[in-house]
Amino acid sequence: MRKWLMAFLLLAGTAGVRAQQCDVPQIGAQVFVEPGQTPEDIDGFFRLLHDNGMKVARIRMFGAHMYRGGEWDFSLYDEAFRAADKYGVRLFATLFPVTDELNDVGGFKFPRSKAHLREIDDYITAVVSHFRQYESLWTWVLQNEPGSGGTRVAMTDLAREVYDRWLADFPPEERGEGYLKADFTQEKFLTYYTTWYLNHIAQLVERLDPQRGRHINPHQILGTLPDYDFPAYSKFLTSVGASLHLSWHFGMFSQREYPLGVSLMSDIIRHNALGNPFWITELQGGNVTASGNVPYCPTAAHTAQYLWTAIASGAEGVIFWSLNQRAAVMEAGEWGLLDFLRRPSDRMLEAAKVASVLQRHGEEFRELKPAPAPVTLLYNIASLRIQRRNAETLASGEEGRQASACMKSLAAAYEAVSAWGVTPEVADMATFDWDDAAGRTAVIPHMVALPSEFRPRIESFVRNGGKLIVTGLSGFYDEDMRCLFMNGFPLKSCFGAEVSEFKVAGEYFTLGEELPAHLWRGILVPASGETMMTDGGDVAAVRNRYGRGEVVWVPSPIELGGYHRDMAPLTAFYGRECRDAIDAAPASFRTPEPDVLMRTMRKEGVLTTVIVNKRPESAAIRLRTGRYGVPRVIYGDASVKGAQVTVGADRCAVVVWSR
């Protein structure tokens with residue numbers, strides 16, 4: 001069982017690799033290399049990086065630019081690597097096999113056939129063997145933005161061969177005499193096939209250049225998470241990154257919430273890096289015209305907000321897409337930190353200022369890590385798959401019935417807790433440490449499935465002193481899409497109640513006397529649970545003591561209600577139910593501060609807070625910083641008086657607090 005899977009994962013090791021970890025966070029940019037550029041052009045790009053304090057860059061290694069007329073010609077890219085060597089810039093080199101250079105911006109996700117895989121292998125062998133000679137080469141990005149966001153793999157001859165071997169190791173369960181089970185074989189194979197292909201590339205790269213790192217940059221992660229198997233990736237990667245493009249990937253956020261989105265996605269990737277370094281591999285650097293879902297150009301102030309938020313989230317570095325705009329065809333003249341005259345934009349000058357602060361205060365940033373939060377928001381892949389499956393057949397557009405409903409609920413819970421100055425952890429249930437229960441609070445926000453493997457862990461977590469908050473239609477299904485609230489709810493003792501039914505109560509309605517909710521009102525029949533809230537004579541929420549812990553259960557989508565109507569009641573709810581955890585954090589707000597994000601980093605004797613004010617006016621924020629009472633502003637439009645920090649309108653500040 002699983003022997004073939006384990007064999008291919010164990011072939012790729014990490015011994016001797018220079019991990020992409022930095023003493024001080026680094027800022028850099030993609031240098032877009034393309035035919036038509038001169039050696040002087042390329043040298044100038046790297047000189048601009050050097051002169052603006054950017055010590056890392058990324059290059060996309062276009063096979064279509066190197067393999068012409070049946071011969072390899074590396075001369076254009078040699079100019080880039082020589083320039084990187086000259087200016088002391090370390091390179092992330094993205095493998096990008098030959099594709100349609102006119103119309104394929106992101107690259108293909110899977111080989112088209114066995115023959116195509118051999119062509120890909122030939123490309124990787126030629127490129128890695130040639131460029132491994134350069135000192136500036138730091139890591140290989142195995143594939144640009146893996147993950148299709150789809151549900152199935154096109155069955156080519158290669159895919160069919162891998163599928164048949166996979167199916168032999170993971171045969172479907174027999175139906176038996178019980179209720180039907182939904183078939184997610186194709187979705188699971190998509191996840192596996194993505195892993196198989198990435199590992200195939202990683203093995204070849206490691207054999208050719210074992211001393212360099214191996215990296216990927218998942219994209220659109222709030223929608224593509226089911227594509228990824230991060231525990232498997234940890235066997236063959238040395239770092240994990242993400243693409244965070246405001247114009248492409250932030251559809252569920254308003255511009256006012258963009259720093260919150262950067263923070264949330266960074267936390268998801270940091271958790272899924274599983275101890276490896278994590279990077280923001282692509283961050284939007286400039287204006288879009290024809291591309292992107294949303295036309296947007298970051299201001300200098302916004303650029304600083306995103307940089308500092310990523311750094312405070314634990315990123316080893318941030319690489320902008322891109323330094324220079326590509327000159328021709330798709331995305332021509334877009335995304336750049338430079339203007340068309342190749343002068344640093346206001347965005348680049350602000351990024352240079354951030355880089356300068358990081359260097360000047362290098363000792364303070366060394367070993368600085370995000371302060372752990374005692375509140376964790378949990379998701380699971382089964383919920384995301386089931387929600388997407390259900391959404392495929394929709395004729396109506398209600399929020400709670402869309403594929404995004406689960407992750408949008410998580411984002412709203414994240415915003416509600418963050419309004420108290422404490423950014424929660426975010427974790428997949430499969431990798432959450434359920435044994436670390438005492439004093440911890442976990443939240444399951446409208447995750448429509450509770451797979452059977454997690455139920456004993458949930459019970460153990462609560463029994464051993466953890467607090468669990470469960471909202472929305474969490475647990476409506478098991479992993480096979482069977483309704484858990486029929487035929488005996490298996491968590492009745494732990495949750496203290498059962499659901500009688502759910503009723504559509506209006507697109508938005510008020511639950512009880514205060515909480516906005518969306519679409520469905522869950523009705524509870526208490527067992528051991530104490531009634532917390534009633535609505536129209538029905539029990540709408542319970543609190544249940546179980547062992548040394550407790551469960552708070554509100555089976556209505558309150559996060560989606562708050563997200564679209566009024567966040568204040570939801571923020572107050574989380575402030576009450578997470579009070580002990582918030583008070584235990586090393587820094588927090590004395591009162592909730594909507595539209596203000598604070599991230600806290602810590603090391604022995606020092607707290608560093610990054611505060612982003614998205615209000616149209618300055619904000620005076622009263623903090624709790626415990627034993628850390630001596631403040632210094634090292635960046636931003638801010639002043640500090642005692643424990644009150646005043647931050648300018650739509651600005652951010654970095655404050656160091658000493659004991």
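These numbers were taken from a predicted model, which means no experiment stands behind them.

S.K.: Would you take a moment to explain the overall build of the protein for this structure?
M.R.: Counting its regular elements, the protein contains 21 helices and 28 strands. Taking 26 Å as the expected radius of gyration for a compact globule of 659 residues, we find that the protein reaches 25 Å, a close match to that expectation. Counting only C-alpha atoms, the protein reaches 75 × 70 × 45 Å along its principal axes. A buried classification covers 61% of the 659 residues belonging to the protein. Once local pairs closer than 6 in sequence are excluded, the contacts in the protein between residues at least 24 apart make up 76%. As displayed, the protein has an accessible area near 24500 Å², and 49% of this comes from carbon and sulfur atoms.

S.K.: In this structure, what is going on with unusual backbone geometry? I would like to understand it.
M.R.: Phi is mostly negative for residues that are not glycine, and the peptide bonds are mostly trans. Here the bond from Trp321 into Ser322 is cis, since omega is 0 degrees, no more than 30 degrees from zero. Despite not being glycine, Trp335 shows a phi value in the positive range, around 75 degrees. Note on placement: Trp335 falls in the loop between strand S10 (317–321) and helix H13 (346–360).

S.K.: Sorry, what's going on with the packing of helix H11 (residues 258–272) against helix H12 (residues 300–312) here?
M.R.: Two quantities define a packed helix pair, namely the angle between the helix axes and the distance between the axes. Close contact between H11 and H12 brings their axes to 9 Å; oriented N to C, the two are set at 25 degrees. Viewed along their axes, H11 and H12 adopt a mutual orientation that is roughly parallel. Handedness of the crossing formed by H11 with H12: right-handed. Counted together, Tyr258, Pro259, Val262, Ser263 and Ser266 of H11 and Gln305, Tyr306, Thr309 and Ala310 of H12 form the full contact between these two elements. Class assignment of the residues belonging to the contact of H11 with H12 gives a composition of five nonpolar, four polar and no charged.

S.K.: Would you mind showing me how to read the confidence of the model for the protein here?
M.R.: Interpretation of this model should avoid reading the predicted coordinates in detail wherever pLDDT is low. On average, residues of the protein score 94 in pLDDT, and 97% of them are at 70 or above. Counting interchain partners and residues more than four positions distant, the pLDDT-below-50 stretch residues 1–16 has 37 contacts.

S.K.: How do you make sense of the sheet that holds strand S24 (residues 619–624) when you look at a structure like this?
M.R.: Pairing within the open sheet is antiparallel, and its four strands lie in the order S21-S24-S27-S26. Taken across any chain shown, the strands that pair with only one partner, and hence form the sheet edges, are strand S21 (588–589) and strand S26 (638–641). Where S21 meets S24, two bridges bridge the pair, whose relative direction is antiparallel. What sits directly across from Ser588, in S24, is Arg624.

S.K.: Hey, could you run me through the sheet that holds strand S25 (residues 630–636) in this one?
M.R.: Backbone-to-backbone hydrogen bonds pair the strands of a sheet. The strands run either parallel or antiparallel. Taken in spatial order, the five strands of this open sheet run S11-S22-S23-S28-S25, and their pairing is antiparallel. Strands with a single pairing partner mark the edges of an open sheet, and in this sheet they are strand S11 (369–370) and S25. As judged from the eight bridges shared by strand S23 (residues 606–613) and strand S28 (residues 651–658), these two strands associate in the antiparallel manner. Across the sheet, residue Val612 finds its bridge partner in S28, namely Cys652.

S.K.: Where do I start with helix H4 (residues 75–87) in this structure?
M.R.: Residues that lie three or four places apart on an α-helix share one face, since the helix turns once every 3.6 residues. Taking 1.5 Å of rise per residue, the 13 residues of H4 would be expected to cover 18 Å, and the 19 Å separating its terminal C-alpha atoms lies within 8% of that figure. Within H4, burial applies to Leu76, Tyr77, Asp78, Ala80, Phe81, Ala83, Ala84 and Tyr87. Of the surrounding secondary structure, the elements contacted by the buried residues of H4 are helix H2 (39–51), strand S2 (56–62), helix H3 (63–66), strand S5 (90–96), helix H5 (114–131) and strand S6 (137–141). Directly beyond the C-terminal end of H4, a positive phi value near 70 degrees is found at Gly88.

S.K.: How do you make sense of the pairing of strand S18 (residues 530–535) when you look at a structure like this?
M.R.: Side-chain positions along a regular strand alternate between the two faces of the sheet. Sheet analysis places S18 next to strand S19 (residues 538–546), joined by five bridges and oriented antiparallel. Bridging from a neighbouring strand, Asp535 pairs with Asp538 of S19. Where S18 folds back onto S19 in an antiparallel hairpin, the turn is made up of two residues, including Gly536, whose phi is positive at roughly 60 degrees.

S.K.: Explain the UniProt feature "domain: Glycoside hydrolase family 42 N-terminal" (unreviewed entry) in the protein to me, please; I cannot follow it from the model alone.
M.R.: Mapped onto this numbering, the UniProt entry annotates "domain: Glycoside hydrolase family 42 N-terminal" (unreviewed entry) at residues 254–356. This span, residues 254–356, is 38% helix and 12% strand, and a straight line between its end C-alpha atoms measures 30 Å.

S.K.: Where do I start with the UniProt feature "domain: Beta-galactosidase trimerisation" (unreviewed entry) in the protein in this structure?
M.R.: The sites that UniProt annotates as "domain: Beta-galactosidase trimerisation" (unreviewed entry) are residues 406–556. End C-alpha atoms of residues 406–556 are separated by 13 Å, and the span's content is 17% helix alongside 41% strand.

S.K.: Help me understand the packing of helix H6 (residues 157–169) against helix H7 (residues 185–208) in this model?
M.R.: Between H6 and H7, the least distance of the axes is 11 Å, while the angle of their chain directions is 110 degrees. Judged on the interaxial angle alone, H7 and H6 are roughly perpendicular. Each of Leu158, Ala159, Val162, Tyr163, Arg165, Trp166 and Leu167 in H6 lies in contact with H7, whose residues at this interface are Thr185, Gln186, Lys188, Phe189, Tyr192, Tyr193 and Trp196. Looking at the contact of H6 with H7 residue by residue, the classes come out as ten nonpolar, two polar and two charged.

Conventions adopted
Residues numbered from 1 in each chain as written. Predicted model: local features only at pLDDT ≥ 70, side-chain atom pairs only at ≥ 80, totals over all residues. Heavy atoms only, no water. Helix = DSSP H or I, 4+ residues; strand = E, 2+ residues; numbered from the N terminus. Rg over C-alpha atoms; globule rule 2.2 N^0.38 Å. Buried < 20%, exposed > 50% of the residue type's maximum accessible area, 1.4 Å probe, protein only. Contact = heavy atoms within 4.5 Å. Areas by Shrake-Rupley, 256 points an atom, 1.4 Å probe, with all protein chains shown as cover. Axes fitted to C-alpha atoms, helices over the stretch in contact; angles between N-to-C directions. Parallel < 35°, antiparallel > 145°, perpendicular 65-115°, else oblique. Left-handed = near helix turned anticlockwise from the far one by under 90°. Nonpolar A, V, L, I, M, F, W, Y, C, P; charged D, E, K, R; others polar. pLDDT = per-residue confidence, 0-100. Pairing = 2+ DSSP bridges. Expected span 1.5 Å × (residues − 1). UniProt positions renumbered as here; feature names shortened; annotations may be inferred.

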